Amino acid sequence: MQPRRTLLTVQCSRPASGGAVKLNKETSEVAINWAGGLHHAKKSEASGFCYANDIVLAILELLKHHKRVLYIDIDIHHGDGVEEAFYTTDRVLTVSFHKFGEYFPGTGDVKDIGANAGKYYSVNFPLKDGITDESYASIFKPVIGQIMQLYQPGAIVLQCGADSLCGDRLGCFNLTIKGHAECVNFVLKQKLPTLILGGGGYTIRNVSRCWTYETAVVLNEDISDDLPYNEYYEYYGPDYKLHYQAAPNMENANLPENLEKIKAKVFEHLRQLQPAPNVQMHVAPSSAQDDDEEDGAADSRFSDRDADSRQEHGAEFYDTKPGE
């Protein structure tokens, strides 16, 4: 019997690689992990609120079954940890749209394009303060469209950091939730196995608004702008709406002519890409264990007694006995 294929898998308390396993097994077309997207962590160091790079682990899982993987990052910060991990390979193309210039992590110049076999497979689109929905769409859609045509990936990983929204405590862009979600919608139109992850976001009520709406976009469901009453209802006052307006008086420092110059430079780099790499695929390595298989049921939880009686692995650094 063939496994049941579903449109969407949502995992918020498990590693992003679990979603990648489901995509590889073709039991889901889209997988979401809003708790994932920790794009700054490096192989041997934590960075920028990120201690383990779940994105890199998920992409490595996808590469077991796909010749090429496209990584897209719409967080306000440069996706430096993911770019660094795949900087010298052509099997992963990373593209990041981010604030650049005296801003963490300080990397992601348009001139950073990869090295060795990965030269031209790192794409960076540096931006300034105040970018709007219209300006963002004018660069995102043409760049991703060109990459899709030239690179022909087998799967996509999309990091949806919500700190690129207007009103974020650490951000300086002027995107609305609908403008942010239009990137998700455009990626889904490519009709490839897609892993969607969270990321940054420091005005929490707007983060929850954004990812709620984007989940609805994935499901192609219309949801009301009126928020239902819940225990956190007062956080969303005074309007209690799902959507909110962009800042009307915020200056967009991204002049159209400057965006066009950067876009032209990116297209120049993309023209240097070799035809889609023809990777020789051998027998695929075994997949990481599916979370549902490991736990028996996705919603099952260990009781306190079960947890206390579990045996510790001999390699773990514990001085106490199980249950202490």
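The rules behind these values
- Residues numbered from 1 in each chain as written.
- Predicted model: local features only at pLDDT ≥ 70, side-chain atom pairs only at ≥ 80, totals over all residues.
- Heavy atoms only, no water.
- Helix = DSSP H or I, 4+ residues; strand = E, 2+ residues; numbered from the N terminus.
- Buried < 20%, exposed > 50% of the residue type's maximum accessible area, 1.4 Å probe, protein only.
- Polar contact = N/O pair within 3.5 Å; in protein donor to acceptor, adjacent residues only side chain to side chain.
- Contact = heavy atoms within 4.5 Å.
- Phe/Tyr/Trp six-rings, centres within 6.5 Å; stacked < 30°, edge-to-face > 60°.
- 1 Å grid on protein atoms, 1.4 Å probe; cavity = no way out; pocket = protein on both sides within 12 Å on 5 of 7 lines; lining within 4 Å.
- Points joined across faces, edges and corners; volume = space filled by probe spheres on them.
- Nonpolar A, V, L, I, M, F, W, Y, C, P; charged D, E, K, R; others polar.
- Axes fitted to C-alpha atoms, helices over the stretch in contact; angles between N-to-C directions.
- Parallel < 35°, antiparallel > 145°, perpendicular 65-115°, else oblique.
- Left-handed = near helix turned anticlockwise from the far one by under 90°.
- Expected span 1.5 Å × (residues − 1).
- Core = buried A, V, L, I, M, F, W, Y, C linked by side-chain atoms within 4.5 Å.

Enquirer: Could you give an account of the side chain of N174, naming the residues involved and the relevant values?
Expert: Along the chain, N174 falls in the loop between β6 (155-159) and α5 (177-188). Its relative accessible area of 4% is what places N174 among the buried residues. Within the structure, N174 has its side chain in polar contact with the backbone nitrogen of A247 (distance 2.9 Å). Ignoring any residue separated from it by four or fewer positions in sequence, one finds N174 in contact with G130, I131, T132, D133, C166, A246, A247 and M250.

Enquirer: Let's hear about the environment of L158: which residues, and what values?
Expert: The residue L158 is located in strand β6 in this model. For the pair L158 and G37, spaced 121 residues apart in the sequence, the C-alpha separation amounts to 8.6 Å. Residues in contact with L158, not counting those within four places in the same chain, are I72, V184, V187, L195, I196 and L197.

Enquirer: Tell me about the packing of aromatic side chains, and please be specific about residues and values.
Expert: Following the criterion strictly, the structure yields 11 aromatic pairs and no others. When the centroid spacing of 5.2 Å and the interplanar angle of 50° are considered together, the rings of Y229 and Y233 count as tilted. Aromatic ring contacts, followed pair by pair, group F97, F125, Y136, F140 and F186 into a single cluster.

Enquirer: Outline the layout of surface pockets, listing residues and values.
Expert: Computed from the structure, the largest pocket encloses a volume of approximately 410 Å³. In terms of lining residues, the largest pocket is bounded by 20 residues, among which E29, V30, L188, K191 and L192 are the most central. Broken down by element, the lining of the largest pocket gets its largest block of residues, 3 residues, from strand β2 (residues 28-33). Grouping the amino acids of the lining of the largest pocket by side-chain chemistry returns 8 nonpolar, 7 polar and 5 charged.

Enquirer: Describe the environment of I262, listing the residues and the values that go with them.
Expert: Secondary-structure assignment places I262 in helix α7 (residues 256-270). The spacing of I262 and N124 is 138 residues in sequence and 9.4 Å in space, taken between C-alpha atoms. If we skip the residues at most four places from it in the chain, I262 touches V110, F125 and P126.

Enquirer: Just give me the short version of the packing of helix α4 (residues 133-151) against α5, but keep the residues and values in it.
Expert: Contact geometry for α4 and α5: axes closest at 10 Å, N-to-C directions at 15°. Judged by the angle between their axes, α4 and α5 are roughly parallel. Considering the relative orientation of α4 and α5, their crossing is right-handed. Listed contacts from α5 to D133, Y136, F140, K141, I144 and G145 of α4 are G179, E182, C183, F186 and V187. Within the contact of α4 with α5, the residues separate by chemical class into 6 nonpolar, 2 polar and 3 charged.

Enquirer: I'd love a proper account of α5, names of residues and values included.
Expert: For α5, which comprises 12 residues, the first-to-last C-alpha distance of 17 Å matches the rise-based estimate of 16 Å (1.5 Å per residue) to within 8%. Within α5, 9 of the 12 residues are buried, which leaves the element mostly enclosed by the surrounding structure. For α5, the set of buried residues is I177, G179, H180, A181, C183, V184, F186, V187 and L188. The inward-facing, buried residues of α5 abut β2, β3 (69-73), α4, β6, β7 (194-197) and α6 (204-219).

Enquirer: Describe in detail the packing of α4 against α7, supporting the description with residues and values.
Expert: At a minimum axis distance of 11 Å, the contact between α4 and α7 shows a crossing angle of 5°. When the interaxial angle is binned, α4 and α7 end up roughly parallel. Across the interface between the two elements, S135, S138, I139, P142, V143, Q146, I147 and L150 from α4 touch L259, K263, V266, F267 and L270 from α7.

Enquirer: Could you give an account of the nonpolar core, naming the residues involved and the relevant values?
Expert: The biggest cluster of nonpolar side chains holds 59 residues, and the ones touching the most others in it are I72, V95, F97 and F140. Here this core takes 8 residues from α4, the largest share from any one element. Setting aside chain neighbours within four positions, we find F140 in contact with I72, I74, F97, C183, F186 and V187. Counting 18 residues, the second largest nonpolar core, distinct from the first, contains L23, L62, F86 and L197.

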